[in-house]
Amino acid sequence: MSGFNANFMWGGAVAAHQLEGGWQEGGKGVSVADVMTAGAHGIPREITPGVIPGKNYPNHEAIDFYHRYKDDIALFAEMGFKCFRTSIAWTRIFPLGDESLPNEAGLQFYDCLFDECLKHGIEPVITLSHFEMPYPLVTEYGGWRNRKLIDFFVRFAKVVFKRYQHKVKYWMTFNEINNQANFHEDFAPFTNSGLKYSPGEDREPVMFQAAHYELVASALAVKAGREINPSLKIGCMIAMCPIYPLTCAPNDMMMAMNAMHRRYWFTDVHVRGKYPQHLLNYFARRGFTLDITEEDKQALTQGCVDYIGFSYYMSFTTKATADNPQLDYDESTSLVSNPYVQKSDWGWQIDPVGLRYSLNWFWDHYQLPLFIVENGFGAIDVQQADGSVDDQYRIDYMAAHIREMKKAVVEDGVDLMGYTPWGCIDLVSAGTGEMKKRYGFIYVDKNNDGSGTLARHPKKSFAWYQQVIASNGEKL
Ligand code: P53
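Residues numbered from 1 in each chain as written. Predicted model: local features only at pLDDT ≥ 70, side-chain atom pairs only at ≥ 80, totals over all residues. Heavy atoms only, no water.

As annotated in an unreviewed UniProt entry, the chain carries the name 6-phospho-beta-glucosidase and is attributed to Citrobacter enshiensis. Quoted verbatim from the Sequence similarities (unreviewed entry) field of the UniProt record, the comment on the chain reads "Belongs to the glycosyl hydrolase 1 family." (UniProt positions renumbered as here; feature names shortened; annotations may be inferred.)

This is the structure:
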């Protein structure tokens with residue numbers, strides 16, 4: 001093989017809460033993203049108890065895609081997108097999360113959105129839960145620490161599988177389900193699982209319990225999706241930051257292996273339908289007794305995913321330390337800086353080779369088709385008076401990653417379905433809530449404080465990506 005398959009899925013990726021806005025339109029309910037304020041690099045987003053007047057909630061309006069999606073999709077079509085990854089805002093379909101019947105206005109919005117994509121020959125790729133679960137599921141049920149959420153999620157999944165089965169073939173269940181491995185910070189537990197911890201609470205077993213319920217919900221959704229329409233392809237979605245040892249000291253290597261275990265066991269359960277033994281032994285060593293029933297175990301084996309979707313932005317580095325004789329990985333304290341790579345303005349390590357490594361790692365472990373559903377460079381763009389943006393640094397970042405991606409396919413034989421760069425149009429950053437951390441091929445005139453005309457303008461990378469797609473990845 002000399003390059004990518006003729007049917008390689010080039011496109012772009014977003015998530016509903018980060019671009020739609022229209023937070024109260026069409027009967028939409030309040031999501032966890034609607035109660036998070038804007039932060040910045042080093043300043044965490046505040047998670048407020050409900051929506052508090054006077055605070056800046058950037059997701060409420062976002063970039064107003066809810067009203068402008070036709071124009072935006074036309075721009076994606078101009079770039080030659082074969083597919084477009086977005087999510088269905090759970091709160092448009094079940095505004096409170098626990099209703100028995102869906103909200104028809106919300107369902108209609110996605111009918112129109114998917115029709116618009118299909119009209120342009122763009123295939124929708126849909127995430128079911130992307131950091132935007134209904135907020136009442138947090139306040140009334142405690143988020144995913146509650147087993148009842150399995151039923152609510154599966155109900156939501158069944159409704160949308162049935163409704164859109166002839167418009168959407170490719171699905172993913174939980175976005176970056178493994179982010180919550182970083183459980184000492186407040187962001188991932190809340191965005192992944194609607195978890196708020198009380199002071200002094202032992203966070204780790206709560207995270208494992210919530211993740212377990214999500215994995216069961218994912219498996220039940222996969223099973224239900226196949227029953228509704230066997231041609232659906234339902235994947236998982238993993239945040240891949242491969243973890244390297246700082247040195248070749250044997251304990252650094254072992255630390256890196258343990259870190260990979262602790263961050264990527266989620267994939268084992270999604271793909272193989274059972275827990276890896278190292279994790280069961282860890283639960284025993286730590287004395288965690290989780291609610292994992294025989295029915296759950298059976299459900300897990302019946303809902304293994306069809307493919308692995310993953311994001312790739314950066315690699316991590318770790319090392320063994322004398323105060324950690326068990327070589328346990330703790331994401332908030334175990335990471336160190338890699339002296340061989342540069343960092344973005346937000347401290348994300350830039351490592352294109354790590355993408356080839358990640359593709360091989362997944363392929364060696366699981367032999368399932370892979371889909372890079374996020375990759376990109378969050379940067380400060382400067383718009384000139386004529387509206388143009390010279391984002392050569394973004395082109396350089398992406399070209400380097402696509403080169404490594406091609407090596408993984410051509411030289412290493414990895415089965416790769418497609419590539420959808422993140423934030424193909426500028427949108428609200430998930431991690432910081434900023435607008436100024438931009439990823440797009442299309443500039444959106446909106447600022448951190450909410451000001452701006454919301455006008456769209458193609459950046460230099462727009463024409464570049466157009467040519468990448470037209471040449472099927474040959475012209476970089
Ligand atoms: P932002 C952390 C590490 C890797 C990916 O992120 C992450 C995060 C969370 O910030 O999130 C994914 O906007 C996520 C998207 C997000 C994108 O990466 O913080 O799936 O929702 O926007 C980029 O720069």
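Running from N to C, helix 13 (residues 392-410) and helix 14 (residues 460-470) cross one another at 25 degrees; their axes reach a closest spacing of 9 Å. Taken together, the axes of helix 13 and helix 14 lie roughly parallel to each other. Judged by the twist between their axes, the crossing of helix 13 over helix 14 is right-handed. Across the interface between the two elements, Gln-392, Arg-394, Ile-395, Met-398, Ala-399 and Ile-402 from helix 13 touch Lys-460, Ser-461, Trp-464 and Val-468 from helix 14. (Axes fitted to C-alpha atoms, helices over the stretch in contact; angles between N-to-C directions. Helix = DSSP H or I, 4+ residues; strand = E, 2+ residues; numbered from the N terminus. Parallel < 35°, antiparallel > 145°, perpendicular 65-115°, else oblique. Left-handed = near helix turned anticlockwise from the far one by under 90°. Contact = heavy atoms within 4.5 Å.)

Bringing the pattern of salt bridges into the picture now. Taken as a whole and assessed by the stated rule, the structure comprises 34 salt bridges. The partner of Glu-46 in a salt bridge is Lys-55, and the shortest N-O contact between them spans 3.0 Å. Judged by its relative accessible area of 34%, Lys-55 is partly exposed. Of the charged contacts, one joins Lys-297 and Glu-294 as a salt bridge, the two residues approaching to 3.3 Å between their closest N and O atoms. In this pair, Lys-297 and Glu-294 are both assigned in helix 11 (residues 294-302), 3 residues apart and thus about one turn of the helix distant. Owing to a relative accessible area of 57%, Glu-294 belongs among the exposed residues under this scheme. (Salt bridge = Lys/Arg side-chain N within 4 Å of Asp/Glu carboxyl O. Buried < 20%, exposed > 50% of the residue type's maximum accessible area, 1.4 Å probe, protein only.)

It is worth spelling out unusual backbone geometry at this point. In this model, Leu-454 sits at a positive phi of 70 degrees, which is unusual for a non-glycine residue. In this fold, Leu-454 is placed in the loop between strand 14 (442-444) and strand 15 (456-458). One non-glycine residue, Asn-472, lies in positive phi territory at about 50 degrees. In this fold, Asn-472 is placed in the segment after helix 14.

This paragraph deals with the packing of helix 9 (residues 250-272) against helix 10 (residues 277-286). Between helix 9 and helix 10, the shortest axis-to-axis distance is 10 Å and the interhelical angle comes to 110 degrees. In terms of their interaxial angle, helix 9 and helix 10 are classed as roughly perpendicular. As for the relative orientation of helix 9 and helix 10, their crossing is left-handed in sense. Residues His-261, Arg-262 and Trp-265 of helix 9 pack against His-278, Leu-279 and Tyr-282 of helix 10.

Next up on the list: the site of the ligand. The full set close to the ligand counts 16 residues, and Gln-18, Glu-374, Ala-430, Lys-437 and Tyr-439 are the nearest of them. For the ligand, an oxygen atom lies 2.9 Å from a polar atom in the side chain of Asn-175. Relative to its unbound accessible surface of 480 Å², the ligand loses 92% to contact with the protein. Counting atoms within 2 Å of the grid points, the majority share of the ligand lands in the largest pocket. Its residues placed into classes, the shell around the ligand shows 8 nonpolar, 5 polar and 3 charged. (Near = heavy atom within 4 Å. Polar contact = N/O pair within 3.5 Å; in protein donor to acceptor, adjacent residues only side chain to side chain. Areas by Shrake-Rupley, 256 points an atom, 1.4 Å probe, with all protein chains shown as cover. 1 Å grid on protein atoms, 1.4 Å probe; cavity = no way out; pocket = protein on both sides within 12 Å on 5 of 7 lines; lining within 4 Å. Sits in = over half its atoms within 2 Å of the grid points. Nonpolar A, V, L, I, M, F, W, Y, C, P; charged D, E, K, R; others polar.)

A word on the UniProt feature "active site" (unreviewed entry) in the chain. Sites flagged by UniProt as "active site" (unreviewed entry) map to Glu-374. Examined against the element boundaries, Glu-374 turns out to sit in strand 12 (residues 370-374). You can call Glu-374 buried: its relative accessible area is 4%. Leave out the neighbours within four places in its chain, and Glu-374 touches Ala-13, Arg-85, His-130, Asn-175, Glu-176, Met-237, Phe-310, Ser-311, Tyr-312, Tyr-313, Thr-420 and Trp-422.

To continue, consider the pairing of strand 3 (residues 123-129). Burial within strand 3 is extensive, with 6 of its 7 residues counted as buried. Here strand 2 (residues 83-87) runs beside strand 3; their pairing, made up of 5 bridges, is parallel. The residue of strand 3 that forms the bridge with Thr-86 is Ile-126. (Pairing = 2+ DSSP bridges.)

Before going further, it helps to examine helix 2 (residues 65-79). Here helix 2 contains 15 residues, and its C-alpha end-to-end distance of 18 Å is more than 12% below the 21 Å for a straight helix at 1.5 Å per residue. The axis of helix 2 is deflected most strongly, by about 40 degrees, at Asp-71. Inspection of helix 2 places Phe-65, Tyr-66, Tyr-69, Asp-72, Ile-73, Leu-75, Phe-76 and Met-79 among the buried residues, and these make up the whole buried set. In the segment just after helix 2, Gly-80 is the residue with positive phi, at about 95 degrees. (Expected span 1.5 Å × (residues − 1). Bend = angle between axes of the 7 residues up to and from the residue.)

For the rest of this paragraph, the subject is the pairing of strand 12. Burial of strand 12 is extensive: 5 of the 5 residues sit out of reach of the surface. Strand direction decides the pairing type here: strand 12 and strand 13 (residues 416-419), joined by 3 bridges, are parallel. From the neighbouring strand, Phe-371 faces strand 13, where its bridge partner is Gly-418.

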